Amino acid sequence: MIRRSKRKARTMGIGVLPILAGLLMASGLLRLGDGPVAAAVSELVASRSAHAAASTATTPEDGIAELLAELDARQAELDERAAKLAVEGERIAEGKTALRSQLDGIEAAELELRELLQMADTAAEDDLSHLAQIYAAMKPAQAAALFQQMPPAFGAGFLGLMPPPASAAILAGMPPDAAYAISVMLAGRHADLPKE
């Protein structure tokens, strides 16, 4: 039986001797008094007792109440941000609407301007064509005297609008150097256009 109890003591854990040695050492350290080890031990005991007192003073209900208060504060902050974002979103939508209205106005003005330019171009072409018809109806000698006073590019523009027999009669009535200058301008009018 004695053998069985020794075996149980050995298999159950550390044994009695090491536990007794540890207790004796702790007792000796505590007796040393005001040494650094004693101060550390007393500080550890004081912090453990303060922690235990704090944990008994705070109940789980207090922790839940604090958590709920923090969540309420966070929710209020999020609600405030959402309200600011909603106001900003409304301002952006109003700005987009105003911008779209301005763009529509610009597009309408651009279309009107194009139509006006087209009308002006058409009116200018009509005026030039009418003037070219007047020059073509003139006597060639009178028209030739008038074309001599014009810059060659200007005269070439009118001659290009006239029927070939009328422009030929006017060129024939001009001095050769003026007729040559206008002919060069007529020949080079479309020289800088891209070829297909």
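Refer to the structure presented above.
A few points on the structure. Not measured: the values here are computed from a predicted model.

Conventions we followed
- Residues numbered from 1 in each chain as written.
- Predicted model: local features only at pLDDT ≥ 70, side-chain atom pairs only at ≥ 80, totals over all residues.
- Heavy atoms only, no water.
- Helix = DSSP H or I, 4+ residues; strand = E, 2+ residues; numbered from the N terminus.
- Buried < 20%, exposed > 50% of the residue type's maximum accessible area, 1.4 Å probe, protein only.
- Contact = heavy atoms within 4.5 Å.
- Areas by Shrake-Rupley, 256 points an atom, 1.4 Å probe, with all protein chains shown as cover.
- Arc of directions from axis to C-beta.
- Phe/Tyr/Trp six-rings, centres within 6.5 Å; stacked < 30°, edge-to-face > 60°.
- Patch = residues over 30% accessible without salt bridge, like charges linked within 9 Å, V, L, I, M, F, W, Y side chains within 5 Å.
- Salt bridge = Lys/Arg side-chain N within 4 Å of Asp/Glu carboxyl O.
- Lys, Arg positive; Asp, Glu negative; His and termini not counted.
- Charge placed at Lys NZ, Arg CZ, Asp CG, Glu CD.
- Core = buried A, V, L, I, M, F, W, Y, C linked by side-chain atoms within 4.5 Å.

**Observations regarding the overall build of the protein chain**
Across its full length, the protein chain holds eight helices and zero strands. When the elements of the protein chain are put in sequence order from the N terminus, they spell out α-α-α-α-α-α-α-α. For the protein chain, buried positions account for 10% of its 196 residues. A separation of at least 24 residues holds for 60% of the contacts in the protein chain among residues at least 6 apart in sequence. Total accessible area on the protein chain is roughly 16000 Å²; 65% of this is exposed by carbon and sulfur atoms.

**Considering helix 5 (residues 140-149)**
Residues of helix 5 that are buried include every one of A143, A144 and F147, and no others. Angularly, the buried residues of helix 5 cover 105 degrees about the axis, an arc narrow enough to put them on a single face. Among the exposed residues of helix 5, those pointing more than 90 degrees away from its buried face are A141 and Q149.

**Here we look at the packing of aromatic side chains**
In this structure the tally under the stated criterion is three aromatic pairs. Here Y135 and F147 contribute two aromatic rings whose centre-to-centre distance is 5.3 Å and whose plane-to-plane angle is 70 degrees, an arrangement assigned as edge-to-face. Of this pair, Y135 sits in helix 4 (residues 60-137) while F147 is found in helix 5, placing the two residues 12 residues apart along the sequence. Residues Y135 and F147 agree in their burial class; the two are buried. A centroid spacing of 5.0 Å and a plane angle of 85 degrees characterise the contact between F154 and F158, whose relative ring orientation is edge-to-face. Here the residue F154 and the residue F158 both occupy positions in helix 6 (residues 152-161), the gap between them amounting to four residues, near one helical turn. On the accessibility criterion, F158 (3% relative accessible area) is buried. Through successive ring pairs, a cluster of aromatic residues spans Y135, F147, F154 and F158.

**Observations concerning a negative patch on the surface**
Taken together, the side chains of E61, D62, E66 and E70 make up a negatively charged region of the molecular surface. Mapping E70 onto the fold places it in helix 4.

**A closer look at the nonpolar core**
F147, F158, L159, M162, I170, M174 and I182 are the most contacted members of the largest nonpolar core, which has 15 residues in total. Residue assignment for this core shows that the elements contributing at least two residues are helix 4, helix 5, helix 6, helix 7 (164-172) and helix 8 (176-188).

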